[in-house]
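Examination of the molecular architecture
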Amino acid sequence: MRKKNSEIKICPLCKKPIEAPVINSRKCCSKSHSAFFSSSRRYNSEIVKDEVTNITWCKNLSYLIGMIASDGTLHINRHLIKISSKDYDLLIQIRDIVCDLITGKKNKILTDLKVSEGKTFKNYSYSFTSHIFYHFCLDIGLTPNKSLTISKLKVPKIYFSDFLRGEIDGDGNFNIIKRHLNNCERRYINIRIYSGSKAFLQWINETCSKNIYIYGIIYKDKEVKNKYVLFWSDG
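A brief report on the enclosed structure follows. These figures come from a predicted structure and were not determined experimentally.

Describing the sheet that holds strand β7 (residues 110-116)
Ordered by their spatial adjacency, four strands build an open sheet running β4-β5-β8-β7, and the pairing between neighbours is antiparallel. Where the open sheet ends on each side, the last strands, each with one partner, are β4 (72-74) and β7. Direction aside, neighbouring strands of the sheet carry axes that sit 30° apart on average. In this sheet, strand β8 (residues 119-129) lies alongside β7 in antiparallel orientation, the contact comprising seven bridges. Bridged to Ser 116 within β8 is Lys 119. Against the sheet, helix α2 (residues 59-71) makes contact with β4 and β5 (80-85), and its axis sits at roughly 80° relative to β5, the strand it touches most. In the packing of helix α3 (residues 88-103) onto the sheet, the strands contacted are β5 and β8, and the crossing angle to β8 comes to about 5°.

A short note on the packing of α2 against α3
Interaxial distance between α2 and α3 falls to 10 Å at its minimum, and their mutual angle equals 125°. Taken together, α2 and α3 sit at an angle that is classed as oblique. In this structure, α2 crosses over α3, and the sense of that crossing is left-handed. Packed against α2, whose contacting residues are Asn 60, Leu 61, Tyr 63, Leu 64 and Met 67, the element α3 presents Leu 90, Gln 93, Ile 94, Ile 97, Val 98, Leu 101 and Ile 102 at the interface. A class-by-class count of the residues in the contact of α2 with α3 yields ten nonpolar, two polar and no charged.

Examining α2
In this model, α2 (13 residues) spans 18 Å end to end at C-alpha, consistent with the 18 Å of a helix rising 1.5 Å per residue. Most of α2 sits out of view: ten of its 13 residues are buried. Within α2 the residues assigned to the buried category are Leu 61, Ser 62, Tyr 63, Leu 64, Ile 65, Gly 66, Met 67, Ile 68, Ala 69 and Ser 70. On the buried face of α2, the contacting elements are β4, β5, α3, α4 (131-140), α5 (160-171) and α6 (198-211).

Some points on a nonpolar patch on the surface
A cluster of nonpolar side chains, contributed by Phe 174, Ile 176 and Ile 189, occupies part of the molecular surface with about 300 Å² of accessible area. As for its position among the elements, Phe 174 is in strand β9 (residues 172-181).

Cut-offs used in this document
Residues numbered from 1 in each chain as written. Predicted model: local features only at pLDDT ≥ 70, side-chain atom pairs only at ≥ 80, totals over all residues. Heavy atoms only, no water. Pairing = 2+ DSSP bridges. Helix = DSSP H or I, 4+ residues; strand = E, 2+ residues; numbered from the N terminus. Axes fitted to C-alpha atoms, helices over the stretch in contact; angles between N-to-C directions. Contact = heavy atoms within 4.5 Å. Parallel < 35°, antiparallel > 145°, perpendicular 65-115°, else oblique. Left-handed = near helix turned anticlockwise from the far one by under 90°. Nonpolar A, V, L, I, M, F, W, Y, C, P; charged D, E, K, R; others polar. Expected span 1.5 Å × (residues − 1). Buried < 20%, exposed > 50% of the residue type's maximum accessible area, 1.4 Å probe, protein only. Patch = residues over 30% accessible without salt bridge, like charges linked within 9 Å, V, L, I, M, F, W, Y side chains within 5 Å. Areas by Shrake-Rupley, 256 points an atom, 1.4 Å probe, with all protein chains shown as cover. Salt bridge = Lys/Arg side-chain N within 4 Å of Asp/Glu carboxyl O.

Have a look at this one:
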């Protein structure tokens, strides 16, 4: 029997009916659902499912870790993670991974206009909050203000190649060079990863040497201060 001066409300997350006083502003069935719903409204999110209670390594999670290690930021005083990119479609892919494996929400991707050398270009950013995943990142070696201090990360050997894909998509590039020799055309692939931490690139290089038997060289970028380059080539 319903109590006097109370009403039945529906939790917006799990659709469970809850009984609350008419003057009570309670909207969700629990504090965790209330916090989840509030953050969803703050970031203009589409709620798909409940947030996970534990983080499990897989290919997509390893790729996400690579993207965060390159183009991501862990905020100091909040469990907030932000990833920036010039590639909007890439952030759509990242958002789907985060929704599926971590938050259960699809936050809005924001557009920023930046000016460089007199030219204006678009840059995109995607942010999400997760207490569990934030501390997972800290446990494997990712930290706030990591650009110059990041080094070895605790990435399982079986998923290192997926991590490397994320790192290259974030802070790397590749190009193909065509050369003609004795009337035959040969293509050479060059891959570069950029970082402010030489120790981080050394760890990637050493791990690649052990796991996939390729070894590159590391040199200091002449054009950008405090920037190092890890370079591989099959030519």
